[in-house]
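Remarks on the overall topology
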Amino acid sequence: MLPDRDRELTFAPCRACHVWVPGPAWRCPECGAARLEALPAAVADWSSVITDQDWLTIDDEALLKPLFAHFRRQAYDRGLGPIVADRAFFRQTGRVPDRRWYLGSTFGDRPTAADQRAYQTYLLAAAHRAAKPLTWAIEQFQQEFGPHCPWPKPP
Ligand SMILES: [Zn+2]
């Protein structure tokens, strides 16, 4: 007998085309839609299931948007500039990220004032390293927190 999780995956219908998908496939063989329930919970582990070749064919925002957020967060945690995330995403998928995917990609949809200050510090350092103007840093800031989010007064 299969473990519960595998049995559920075996009999789950595709969320997009509703075709019954056999086995724990991560994508629907009929329409190609991703089956997030068949993927590891952490995006960092998706490469154990999705190959580099697969990524170049993926057109599903349900996969691309979280992958982009993963690269953004990873770049931030490593103190690498936000451009590093765009490049990593391009290398993996062969495409540029959609503008809509930047919002909340590093801090989620409930950022704190401390998150915003930390991101400001991070962007100022990245701008300095890349010889970018302050307007670039503010633009990056508003891509993450929204176009109406005020740039914090530097301490
Ligand atoms: Zn389908």
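Bear in mind the structure is a predicted one, so any value in this text is a computation, not a measurement.

What counts, and at which threshold
- Residues numbered from 1 in each chain as written.
- Predicted model: local features only at pLDDT ≥ 70, side-chain atom pairs only at ≥ 80, totals over all residues.
- Core = buried A, V, L, I, M, F, W, Y, C linked by C-beta atoms within 7 Å.
- Buried ≥ 20, exposed ≤ 12 C-beta atoms within 10 Å, placed from the backbone.
- Helix = DSSP H or I, 4+ residues; strand = E, 2+ residues; numbered from the N terminus.
- Contact = placed C-beta atoms within 7 Å.
- Domains from an automatic or database assignment.
- Expected span 1.5 Å × (residues − 1).
- Axes fitted to C-alpha atoms, helices over the stretch in contact; angles between N-to-C directions.
- Left-handed = near helix turned anticlockwise from the far one by under 90°.
- Nonpolar A, V, L, I, M, F, W, Y, C, P; charged D, E, K, R; others polar.
- Parallel < 35°, antiparallel > 145°, perpendicular 65-115°, else oblique.

Leu67, Phe68, Phe71, Phe89, Tyr122, Leu123 and Phe141 are the most contacted members of the largest nonpolar core, which has 18 residues in total. With eight residues, the single largest contributor to this core is helix 3 (residues 61-77). The contacts of Phe71, once residues within four sequence positions are left out, are Ala85, Ala88 and Phe89.

In this section: the domain arrangement of the protein chain. If you check the domain split of the protein chain, you get domain 1 (1-38) and domain 2 (48-145). Taking the mean C-alpha position of each, domain 1 and domain 2 sit 30 Å from one another. Counting residues at the interface gives four residues for domain 1 and five residues for domain 2.

Further remarks concern helix 6 (residues 134-145). Compared with an ideal rise of 1.5 Å per residue, which puts 12 residues at 16 Å, helix 6 spans 17 Å between its outermost C-alpha atoms and is within 8% of the ideal. Listing the buried residues of helix 6 in full gives Ala137, Gln140, Phe141, Gln143, Glu144 and Phe145. Next to the buried residues of helix 6 lie helix 4 (82-93) and helix 5 (113-130). The positive-phi residue at the C-terminal boundary of helix 6 is Gly146, with phi of around 110°.

Note on backbone geometry: most residues besides glycine have negative phi, and most peptide bonds are trans. The backbone of His18 sits at a positive phi, close to 65°, despite the residue not being glycine. Examined against the element boundaries, His18 turns out to sit in the loop between helix 1 (4-10) and helix 2 (52-55). By the C-beta count within 10 Å, which is 11 here, His18 ends up exposed.

Moving on to the environment of Glu139. Checked against the element boundaries, Glu139 lands in helix 6. Separated by 14 residues in the primary sequence, Glu139 and Ala125 have C-alpha atoms spaced 15 Å apart.

The next point concerns the environment of Thr93. Tracing the sequence through the fold places Thr93 in helix 4. Spatially, the C-alpha atoms of Thr93 and Thr135 are 29 Å apart, while their sequence positions differ by 42 residues. With residues up to four places along the chain from it excluded, the contact list for Thr93 reads Trp55, Leu56, Ile58 and Leu64.

Now for the packing of helix 5 against helix 6. Their axes nearest at 9 Å, the elements helix 5 and helix 6 cross at an angle of 145°. In the packing of helix 5 onto helix 6, the handedness of the crossing is right-handed. Where helix 5 abuts helix 6, its residues Gln116, Tyr119, Gln120, Leu123, Leu124 and Ala127 lie against Leu134, Trp136, Ala137, Gln140, Phe141, Glu144 and Phe145. Split by residue class, the contact of helix 5 with helix 6 holds nine nonpolar, three polar and one charged.

With that settled, the discussion passes to helix 5. When the terminal C-alpha atoms of helix 5 are compared, their 26 Å separation across 18 residues agrees well with the 26 Å that a helix rising 1.5 Å per residue should span. Its buried side turned inward, helix 5 meets helix 3, helix 4 and helix 6. Positive backbone phi, approximately 55°, marks Ala131, located one or two places after helix 5.

Our focus in this paragraph is the packing of helix 3 against helix 4. Axis separation between helix 3 and helix 4 bottoms out at 8 Å; the angle between their running directions is 140°. In this view, helix 3 runs oblique relative to helix 4, as classed from their interaxial angle. The chirality of how helix 3 crosses helix 4 is right-handed. Across the interface between the two elements, Leu64, Leu67, Phe68, Phe71, Arg72 and Ala75 of helix 3 pack against Pro82, Val84, Ala85, Ala88, Phe89, Gln92 and Thr93 of helix 4.

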